[in-house]
Structure formats: C-alpha cells, structure tokens
Amino acid sequence: GDSVTQMEGPVTLSEEACLTINCTYTATGYPSLFWYVQYPGEGLQLLLKATKADDKGSNKGFEATYRKETTSFHLEKGSVQVSDSAVYFCALRRSGGSQGNLIFGKGTKLSVKP
Amino acid sequence: SQTIHQWPATLVQPVGSPLSLECTVEGTSNPNLYWYRQAAGRGLQLLFYSVGIGQISSEVPQNLSASRPQDRQFILSSKKLLLSDSGFYLCAWKQGAITEAFFGQGTRLTVV
C-alpha cells in the first residue's frame, strides 16, 4: 500500500545551520505531497505542498521539490531559527478517490539551539 | 473563512470511563472529516473518516467509534477507555478538490 518514510529524529541544530529532512514515498499513480509542521502543544499546520512532479513547494524559507524519479520530497532550509523547533510530518494524498485521505510519515522532531 | 474547532484541549480520564471528543467546522459545507491519533513515539494514524452525514469509515479496528450527526460535526467516542487510548487526537477537514487537509488544535487525552 501507499506509505511515507521520513528520517528518524530527533534532529538538533544550531541556529543558522542548514536543514534537510529526508522523505520518500511509495504510491501508485500520482500523489500530491505535503509537509506539515506541529509546534509544541498545537495541531498540524500545512507548511508547503506540491501536486505534480518537479513542482517546488516553498514557505517561510522552507523548500521541497517533488522528485518522481527518486520518489522523494525532502524538506530543506538554508538557515534555521529557534522558532523552527517543531515536529515535521511528510504526507501524501492518493490520487483519485473521494476520500482524499492523507498518509503521514512518523514525524521528525527538530530542535534548534541558540 | 473556514475554521475548525476541537474540544476539549486536554482531558484526563480513568480507565473504563466513556469518552466524547467533538469537532466542528465552520464556513464550509459537505466537508470530508477525519480523526487522527498521534500516540507517543509514533506518527499520525488515521482512525476514521467521513464523506457525509452518517457515513463513517474506520481505518483500523479499535476501542473507539465515530459519528457524524450533522454535516459539520464529527464526534469521537468510546464506551470504556483503555490505557492504550492515551494520545493526541486531531480532527481535520478537507473539501473535495482541495488537496490539503486543515487540522484542529488537537486534544491531549491521558487515560489513567
């Protein structure tokens, strides 16, 4: 079945360091891909998305490119801030169907130290 | 604009007690509604989804049930809670052609 695999955490970085969180997926058809962020004690917020191959999603300095050839959607940021500390979830939405169910990875906890 | 409300924010319940978590969506009609659980050390697991009033699909067998008595209301219930029901429960909605889902603030349930 469809699945999402993302790198295990936790990830601890110093402020202004570069961030990469790997995400790969297995899916039939052409899924849409997402990164959600969960700040401490809160629900999930959509960070960015890409709906077709080679699309690049970007928001708040984060970027991810939909790579169909490697079935990947890695999250990157050139310079992280303490306020980026959160749990990041990679997700896919199956193409077709009416339910639009999202399948999530297990999440990667990021801690940024000043 | 659309908003989603989920309550309570935190809940501590004894083993064997009943549970009712409520989620309501405003500003949209006929949304798809979802209940997810995030257990400690694990990712997000889809528990139930609903594409319309009275229509509930369960993704995993468990001690919980869901109901959708109104178009924009989604309720998660249990008759007798287990310790393993502890976790962070998230309600979400999406609208048809829109690809992303929108989440509530979550309910942290601790069963003691």
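Residues numbered from 1 in each chain as written. Chains lettered and ligands numbered in written order. Predicted model: local features only at pLDDT ≥ 70, side-chain atom pairs only at ≥ 80, totals over all residues. Heavy atoms only, no water.

Caption draft 1: The nonpolar core, seen in detail. Formed by 27 residues in total, the largest nonpolar core has its most connected members in Trp-35, Leu-47, Leu-48, Phe-73, Leu-75 and Tyr-88 of chain A. For this core, the secondary structure elements donating two or more residues are strand E2 (11-14), strand E3 (19-21), strand E4 (23-26), strand E5 (32-38), strand E6 (44-50), strand E8 (62-65), strand E10 (86-93) and strand E12 (108-113) of chain A. At four residues, the largest contribution of residues to this core is made by E10 of chain A. Not counting residues within four places of it along the chain, the set of residues in contact with Phe-73 of chain A comprises Cys-23, Leu-33, Phe-34, Trp-35, Leu-48, Lys-49, Ala-50, Ala-64, Thr-65, Tyr-66 and Cys-90 of chain A. Counting 20 residues, the second largest nonpolar core, distinct from the first, contains Leu-11, Val-25, Leu-81 and Cys-91 of chain B. (Core = buried A, V, L, I, M, F, W, Y, C linked by side-chain atoms within 4.5 Å. Buried < 20%, exposed > 50% of the residue type's maximum accessible area, 1.4 Å probe, protein only. Helix = DSSP H or I, 4+ residues; strand = E, 2+ residues; numbered from the N terminus. Contact = heavy atoms within 4.5 Å.)

Caption draft 2: Representation of the state of the cysteines. All names here are of chain B. The full count for this structure, using the stated rule, is two disulfides over all chains. Each sulfur of the disulfide joining Cys-23 and Cys-91 lies 2.0 Å from the other. A torsion of -75 degrees about the S-S bond marks the disulfide between Cys-23 and Cys-91 as left-handed. Taken together, the positions of Cys-23 in strand E3 (residues 19-26) and Cys-91 in strand E9 (residues 87-94) put the pair 68 residues apart, joining distant regions of the chain. As far as burial versus exposure is concerned, Cys-23 and Cys-91 are alike and both buried. (Disulfide = S-S within 2.5 Å.)

Caption draft 3: Just the interface of chain B and chain A, in detail. Contacts between the two partners involve 21 residues from chain B and, on the opposite side, 21 residues from chain A. Linking chain B with chain A are one salt bridge, by the criterion used here. Where Lys-49 of chain A meets Glu-100 of chain B, a salt bridge forms, and the shortest distance between an N and an O atom there is 2.7 Å. Seen at the junction of chain B and chain A, the total is five residue pairs in polar contact (both at pLDDT 80 or more). Mapped by element, the contributors of at least two residues to the side of chain B that touches chain A are strand E4 (32-38), strand E5 (44-52) and E9 of chain B. Tallied by class, the residues present in the side of chain B that touches chain A amount to ten nonpolar, seven polar and four charged. (Salt bridge = Lys/Arg side-chain N within 4 Å of Asp/Glu carboxyl O. Polar contact = N/O pair within 3.5 Å; in protein donor to acceptor, adjacent residues only side chain to side chain. Nonpolar A, V, L, I, M, F, W, Y, C, P; charged D, E, K, R; others polar.)

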